Amino acid sequence: MEKDAGLLMARVRARDADAFEELYDAYHRLVYRVALRMLGDAHAAEDVTQSVFMKVWSAPELFRGGNLGAWIVRITRNRTLDALRSRNAHPESELPATLVETEAIEDVAFARLDADRVRAALSNLPPEQRDAIELGFFGGITHEEIAKRSGTPLGTIKTRIRMGLRKLRAALDGAVTV
Amino acid sequence: MSAHDDMLDDVAVYALGTLPEAEATRVRAHIETCAECRSEYDMLAPAALAVAHGAPDAEPSELLRARIMHEVRAEAAKPAGVRRPLVWPAYLVAAACFAIAVISSIVNLSLMEQLKSVQTLSAQNAHAASGLAQNLANEKTMVADLLDENAQRYAVRDGQVVRVGDRLYITLHDLTPPPRGKVYQAWTLPKGSKVMAPSVTFVPNVHGVAVIALEVNAAATAAVAVSVEPEGGSKAPTSQPLLVQALN
């Protein structure tokens, strides 16, 4: 993939199908895997994947710089939450999208982030922290619902998420350009 | 634990995307004014997004890539003015509604599902795959015809009869489902004949929309009609037609 995400997206905005295909090649597995993990249905996950990439193609101006991979993951998760809502699961939260995209993980590094390393980092978290993070991210439910399901005080769930994300960040720092 | 420690916990939950919208709005506003919380968010947000990479390995089908790239390349090939017209005539808007119904209800769902299923079959079903591909091509022709600004259009109640060259379509909306055991059936009147010829049977989709391609030569057809008939269709109309349209 072109290293400069800004240039790549500028080409996409100029209706360059080859640039879009580069973007698809770089991110389609990640998009599909997240949707499949959240939905548990290959057909529905492909529908979300198509929806995500057509969104990128039809509205590239919504990318306002920063981390392209992060932007695409946000679209993916939010589109998948829409799909879950249509199943009457009523997830209430979305990944924040209004803040300026973080630059902390550089684009190419994010796209190539080693899935095995992320899984290893997740598996090294205390189970209660890992469960809270994975249930929150992939389950599409709020921290309140996580607390209710696990019978754990709300404040404890919040602290587990924060401590878990801090450890995850520390574990991944060596894997990415910061 | 201080109140601000509580807020730092909220920032982490916000970064993970698991705060209800009302709370997310509150935390978002705070982050924009608090350097410590902004710093915490900047540190945790990449970790939260990295969780996406923890999803198990999986790969979408090549058919998905083909579908997406076909759509993208087709649109990229269009001149900018054609791609996004500023104002559409009313009849094109109506036709586009039918086209969307066709694309979403027929192409994207039914046909693509069939194509996906066929893809998994063995070589002995290659012939079937070829037939479905032909169906896809036919659907594309139909969509193009319905959007054709040079098409001849005959207004009928809740729809149109559309003629493009020798091809003929009936598009209907707000169509109620037929009674149990009944279907709608199209009829065509060949030029020089006084007897209606039976054509396809159909039912509207869940939105009350039906788009029917009539397998006749439009140039040799004097009129079309639609009536309610028993399932399986009839050889001659058994009820008063709900529409009759002469073609000129």
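It should be emphasised that the depicted structure is a prediction, and the values quoted were computed from it without experimental measurement.

Asks: Please clarify how the interface of chain B and chain A should be interpreted in this entry.
Replies: Many authors give the size of an interface as the accessible area that is lost as the parts come together. Listed per partner, the contact involves 56 residues of chain B and 65 residues of chain A. The contact between chain B and chain A buries some 5,600 Å² in all, and 61% of this surface belongs to carbon and sulfur atoms. Taken together, the links from chain B to chain A amount to eleven salt bridges. Across the pair Arg 29 of chain A and Glu 59 of chain B runs a salt bridge, and its minimum N-O distance is 2.9 Å. Where chain B touches chain A, the interface holds 23 residue pairs in polar contact (both at pLDDT 80 or more). When residues of the side of chain B that touches chain A are traced back to their parent elements, those giving at least two are α1 (3–16), α2 (21–31), α3 (35–50), α4 (62–77) and α6 (90–119) of chain B. Per element, the largest residue contribution to the side of chain B that touches chain A is twelve residues, and it comes from α3 of chain B. Split into classes, the residues belonging to the side of chain B that touches chain A amount to 30 nonpolar, five polar and 21 charged.

Asks: Would you take a moment to explain the packing of helix α3 (residues 42–58) of chain A against helix α4 (residues 68–86) of chain A for this structure?
Replies: When two helices pack together, their arrangement is captured by the angle between the axes and the distance separating the axes. Residue and element names in this part refer to chain A. Contact geometry of α3 with α4 gives a least axis separation of 9 Å together with a crossing angle of 130°. Overall, the two elements α3 and α4 adopt an arrangement that is oblique. α3 and α4 meet at a crossing whose hand is right-handed. Every residue of α4 that contacts α3 at Val 48, Ser 51, Val 52, Lys 55 and Val 56 is listed here: Trp 71, Ile 72, Ile 75, Thr 76, Arg 79, Thr 80 and Ala 83. Residues belonging to the contact of α3 with α4 are distributed by class as follows: seven nonpolar, three polar and two charged.

Calculation notes
Residues numbered from 1 in each chain as written. Chains lettered and ligands numbered in written order. Predicted model: local features only at pLDDT ≥ 70, side-chain atom pairs only at ≥ 80, totals over all residues. Heavy atoms only, no water. Contact = heavy atoms within 4.5 Å. Buried area = accessible area lost by both parts, 1.4 Å probe. Salt bridge = Lys/Arg side-chain N within 4 Å of Asp/Glu carboxyl O. Polar contact = N/O pair within 3.5 Å; in protein donor to acceptor, adjacent residues only side chain to side chain. Helix = DSSP H or I, 4+ residues; strand = E, 2+ residues; numbered from the N terminus. Nonpolar A, V, L, I, M, F, W, Y, C, P; charged D, E, K, R; others polar. Axes fitted to C-alpha atoms, helices over the stretch in contact; angles between N-to-C directions. Parallel < 35°, antiparallel > 145°, perpendicular 65-115°, else oblique. Left-handed = near helix turned anticlockwise from the far one by under 90°.

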